[in-house]
Amino acid sequence: MAAADRLNQTSDILSQSMKKSDSTASIVTAEVPYKVAVVGSGNWGTTIAKVVAENCKENPQLFQERVDMWVFEEKIDGVPLTKIINTKHQNVKYLPNIDLPENLVANPDLIETTKDADIIVFNVPHQFLGRLTHQMKGHIKPTARAISCLKGFEVGAKGVQLLSDYITEELGIECGALSGANLAPEVAKEHWSETTVAYHIPKDFRGEGKDVDHRVLKKLFHRPYFHVNVIDDVAGISIAGALKNIVALACGFVTGLGWGSNAAAAIQRVGLGEIIKFGRMFFPESKVETYYQESAGVADLITTCSGGRNVRVATEMAKTGKSAEQVEKEILNGQSAQGLITCKEVHQWLEACGHIDDFPLFEAVYQITYNGVPMEKLPSMIEELGLEEDKE
Ligand SMILES: NC(=O)C1=CN([C@@H]2O[C@H](COP(=O)(O)OP(=O)(O)OC[C@H]3O[C@@H](n4cnc5c(N)ncnc54)[C@H](O)[C@@H]3O)[C@@H](O)[C@H]2O)C=CC1
Ligand SMILES: O=C(CO)COP(=O)(O)O
């Protein structure tokens, strides 16, 4: 490369990176500061609520200081969890030993938590989402906007649906997504990581200073220890986030069988291929480059397969021969491994639309988890189904 070209390239990179940091450093204001609410208070729910509450306190020109977090109420040693969070400022069950900001208020009443919110951040295991949106219907601001931090799909009469689209449809509000290589305990300890937020500016956008846009979302989620890139590809980041949980189960199976790093890498390679194929087949608006350019994609696949709950549950299943349900109960203390539900829902969808053979790894995980197929058969299941495909 000629020196002049190199110089131009360097100045392009510099100006791009300045643009990136500009959007974090510049002052973004709102005519009336936005009220933010978080729905969910599990391991990731509480972690994201902490991130958001820190930013709401630091940016009074943009956000109201108080952030309400809806908590599915339960008692810990006879004391309501909300009371513990609001006095001790720790979620002792789902995120122990992490101090939470005092402007984060735990609230057991879903409607009270969300009725005045301008921005609603959803963060619950996806099996509970439908019941919550059903309760919220008609009780939130029609002008509210939302971000879904959930990883999963809604599979039903309408086929396979992104959870952000499901929220939009149920509540009539625009919803984006947040997804990335983000094991909650590490983010909660403020160990550096990256994430991706995706949001489409809706047709009824009310204008800068009056409505949520990419700069507002960056201010809401970006921290020195949690670097945010905001893009448009809601489908891409949501597909990657949902499906990598199935791949992580497969990774756990081979890890628990003691097959080592080569097998784990093979699973991740095949898994990435199926994730991309699924996106192209069912969500053609998603972009392939999202998977390798964004934190939500290969990076999330790697971190989840290294130390997430799905890989831990599957490893334990392989080591003990216990069922998924039993292991989840024994080792996760009320948290859930979403891959167990997602692999079942993806199987139902692929069966309904006649595409099971196109996704041999996803199908193998389903058969092992729910139909007692031995884990040792995993390589041949992937290979056999692949050969079937070749015969056609
Ligand atoms: N934990 C993590 O490292 C990450 C999780 N995610 C995703 O974030 C979403 C939320 O996950 P977590 O916050 O980790 O949840 P979690 O797995 O810790 O789930 C426990 C939560 O579910 C609640 N819950 C239990 N029964 C309920 C019911 N009947 N109705 C409503 N809520 C009930 C509990 O109160 C608790 O808040 C999931 O989609 C997950 O895949 C995404 C990135 C990281
Ligand atoms: O989504 C995650 C990391 O980005 C968390 O994965 P697990 O649910 O497997 O812990």
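Residues numbered from 1 in each chain as written. Chains lettered and ligands numbered in written order. Predicted model: local features only at pLDDT ≥ 70, side-chain atom pairs only at ≥ 80, totals over all residues.

For the protein chain, an unreviewed UniProt entry supplies the name Glycerol-3-phosphate dehydrogenase [NAD(+)] and the organism Zygosaccharomyces bailii. Checking UniProt for the protein chain, the heading Sequence similarities (unreviewed entry) contains the comment "Belongs to the NAD-dependent glycerol-3-phosphate dehydrogenase family." In the Catalytic activity (unreviewed entry) part of its UniProt record, the protein chain is described as follows: "sn-glycerol 3-phosphate + NAD(+) = dihydroxyacetone phosphate + NADH + H(+)". (UniProt positions renumbered as here; feature names shortened; annotations may be inferred.)

**So, the environment of Pro374**
Looking at the secondary structure, you find Pro374 in the loop between α16 (360-371) and α17 (378-391). Linking Pro374 and Ala364, residues ten residues apart in sequence, is a C-alpha distance of 9.8 Å. (Helix = DSSP H or I, 4+ residues; strand = E, 2+ residues; numbered from the N terminus.)

**With respect to the nonpolar core**
If you look at the biggest cluster of nonpolar residues, it comprises 109 residues, and the most contacted ones within it are Val36, Val52, Val121 and Ala250. Here the element with the most residues in this core is helix α9 (residues 234-256); it accounts for 15 residues. Residue assignment places this core across two domains, with domain 1 (15-232) and domain 2 (236-391) each supplying three or more. The contacts of Val36, once residues within four sequence positions are left out, are Val52, Cys56, Phe63, Val67, Ala117, Ile119, Val121 and Leu220. (Core = buried A, V, L, I, M, F, W, Y, C linked by C-beta atoms within 7 Å. Buried ≥ 20, exposed ≤ 12 C-beta atoms within 10 Å, placed from the backbone. Domains from an automatic or database assignment. Contact = placed C-beta atoms within 7 Å.)

**Points about the site of ligand 2**
What surrounds ligand 2 is a group of 13 residues, the closest being Asn182, Thr304, Gly308, Arg309 and Asn310. Within the residue set of the shell around ligand 2, elements represented by two or more residues are α9, α12 (295-307) and α13 (309-320). No other element matches α12, which puts three residues into the shell around ligand 2. A breakdown of the residues in the shell around ligand 2 according to their chemical character gives three nonpolar, seven polar and three charged. In this structure, the shell around ligand 2 is formed jointly by two domains, domain 1 (15-232) and domain 2 (236-391), each of which donates at least three residues. (Near = placed C-beta within 6 Å. Nonpolar A, V, L, I, M, F, W, Y, C, P; charged D, E, K, R; others polar.)

**Observations regarding the environment of Ala263**
Among the secondary structure elements, Ala263 is positioned in helix α10 (residues 260-282). For Ala263, a count of 18 C-beta atoms within 10 Å puts it in the partly exposed group. Residues Ala263 and Phe253 lie ten residues apart in sequence; the distance between their C-alpha atoms is 9.9 Å.

**A short note on the domain arrangement of the protein chain**
According to the domain assignment, the protein chain consists of domain 1 (15-232) and domain 2 (236-391). Look at where the C-alpha atoms of domain 1 and domain 2 centre, and you get two points 27 Å apart. Between domain 1 and domain 2, the contact holds 27 residues from the first and 25 residues from the second. Secondary structure elements with two or more residues in the side of domain 1 that touches domain 2: β8 (153-156), β9 (159-162), α6 (163-171), β10 (175-179), β11 (193-198) and β12 (226-231).

**Side note on the UniProt feature "active site" (unreviewed entry) in the protein chain**
Feature annotation in UniProt places "active site" (unreviewed entry) on Lys244, given in this structure's numbering. With respect to the helices and strands, Lys244 occurs in helix α9. Each residue touching Lys244, except ones within four places of it in the same chain, is listed here: Ile275, Asp300, Leu301 and Thr304.

**Section: the site of ligand 1**
Every one of the 24 residues lining ligand 1 counts as a neighbour, but Gly42, Trp44, Phe72, Ala184 and Gln335 are closest to it. Residue contributions to the shell around ligand 1 peak at three residues, all from helix α2 (residues 43-58). Residues of the shell around ligand 1, tallied by class, amount to ten nonpolar, 13 polar and one charged. Domain assignment of the residues forming the shell around ligand 1 places at least three in each of domain 1 (15-232) and domain 2 (236-391).

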